[in-house]
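A look at the structure
Now for the letters of each chain:
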Amino acid sequence: MKEYYFAVIKFPVLVSTVLIILVGLFFLLALGSNSRTGISGNETIIYTLVFISLVFLVSNWILVLMSTHSVIKPPFVQRFSHWMLSHIYYPMAKALNFITLQKTHTLQESFLNFNNEIVMSNYMRLENPKMLVLLPHCLQGSECKIRITNDINDCADCGACDICTVKNALSNQPVKVAVASGGSLARKLIADNRPDLIIAVACHRDLTEGVRDAWQFPVYSILNERPKGPCFETTVSLKAIEFAINRFK
Ligand code: SF4
């Protein structure tokens, strides 16, 4: 229960904490130097620039928080907020997570849940969205002789792994399903298909890197299950994939 709770609120709490610390430090320094020697002309310029940056960081964070339950307009503001989420706020949370010796995977899971909320609230009303379901290569049976890279239909339906379960269940859905054996292939599949929305299945680390890497695209994340350990014959909840497709189509 505690783990689940953390997996939901950890990321926004860490980012908010970093921002509160930065604002607190700013006022401590500014008021401290003012009461000691007064603030010189150069210091005034520096403090003003830092203050503007902090106001910008805090107001954009409030916008990101709002985007978890409402649509952000215009689209360029939404894209910019998403860039900030991936490139500024995530590293901030990661730094505090590291300093406080917290587990990385709970931060990653919380970041992915947070991003899913944004994707759900901002992209649910797309008309006939072009969806790409990206599956990880480790879902495939280790003894399978077929090299499934791009097209999931290459699977021979032997039933030994979840690839055929997903393939058959999604055959009538309006989505393209592909297997990516790594970040480069995932990037190529995204560039070739130019989807309106990506539903990605992978582990904590790969999903976090993927969401940040493909920040221009809305990526809905689904964590895979690892009953035999990482990167080996993993499984995925078909219900979670179908839930995502039905929410967006
Ligand atoms: S279900 Fe498909 S991908 Fe999985 S082991 Fe059998 S043939 Fe290979």
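Relevant structure appears above.
To start, this report covers the structure provided alongside it. Values in this document were obtained by computation on a predicted structure and should not be read as measured data. (Residues numbered from 1 in each chain as written. Predicted model: local features only at pLDDT ≥ 70, side-chain atom pairs only at ≥ 80, totals over all residues. Heavy atoms only, no water.)

Now for the site of the ligand. Neighbouring the ligand are Gln140, Cys144, Ile146, Ile148, Cys155, Ala156, Cys158, Gly159, Ala160, Cys161, Ile163 and Cys164. Residues that form the shell around the ligand fall into these classes: 10 nonpolar, 2 polar and no charged. (Near = heavy atom within 4 Å. Nonpolar A, V, L, I, M, F, W, Y, C, P; charged D, E, K, R; others polar.)

This paragraph deals with helix 6 (residues 183-193). Burial in helix 6 covers these residues: Ala186, Leu189, Ile190 and Asn193. Considered in projection along helix 6, the buried side chains sweep an arc of 95° and stay on one side of the axis. What points out from helix 6, more than 90 degrees from its buried face, is the exposed set Ser184 and Asp192. Looking at the buried residues of helix 6, the elements they touch are strand 1 (131-136), strand 2 (175-180) and strand 3 (197-202). Phi turns positive one or two residues past the end of helix 6, at Arg194, with a value near 45°. (Buried < 20%, exposed > 50% of the residue type's maximum accessible area, 1.4 Å probe, protein only. Helix = DSSP H or I, 4+ residues; strand = E, 2+ residues; numbered from the N terminus. Arc of directions from axis to C-beta. Contact = heavy atoms within 4.5 Å.)

Let us now look at the packing of aromatic side chains. One pass over the full model with this rule turns up 14 aromatic pairs. Cluster of aromatic residues (ring-pair linked, three or more members): Phe11, Trp61, Tyr89, Tyr90, Phe111 and Phe114. (Phe/Tyr/Trp six-rings, centres within 6.5 Å; stacked < 30°, edge-to-face > 60°.)

On to the pairing of strand 2, then. Among the 6 residues of strand 2, 5 are classified as buried, and the element is accordingly described as predominantly covered. Pairing between strand 1 and strand 2: 6 bridges, direction parallel. Across the sheet, the residue bridging to Leu135 is Val179, located in strand 2. Read as a crossover between parallel neighbours, the route from strand 1 over helix 5 (residues 162-169) to strand 2 is right-handed. (Pairing = 2+ DSSP bridges. Right-handed = clockwise from strand over helix to strand, strands pointing away.)

On their own, these measurements won't tell you what the molecule is for.
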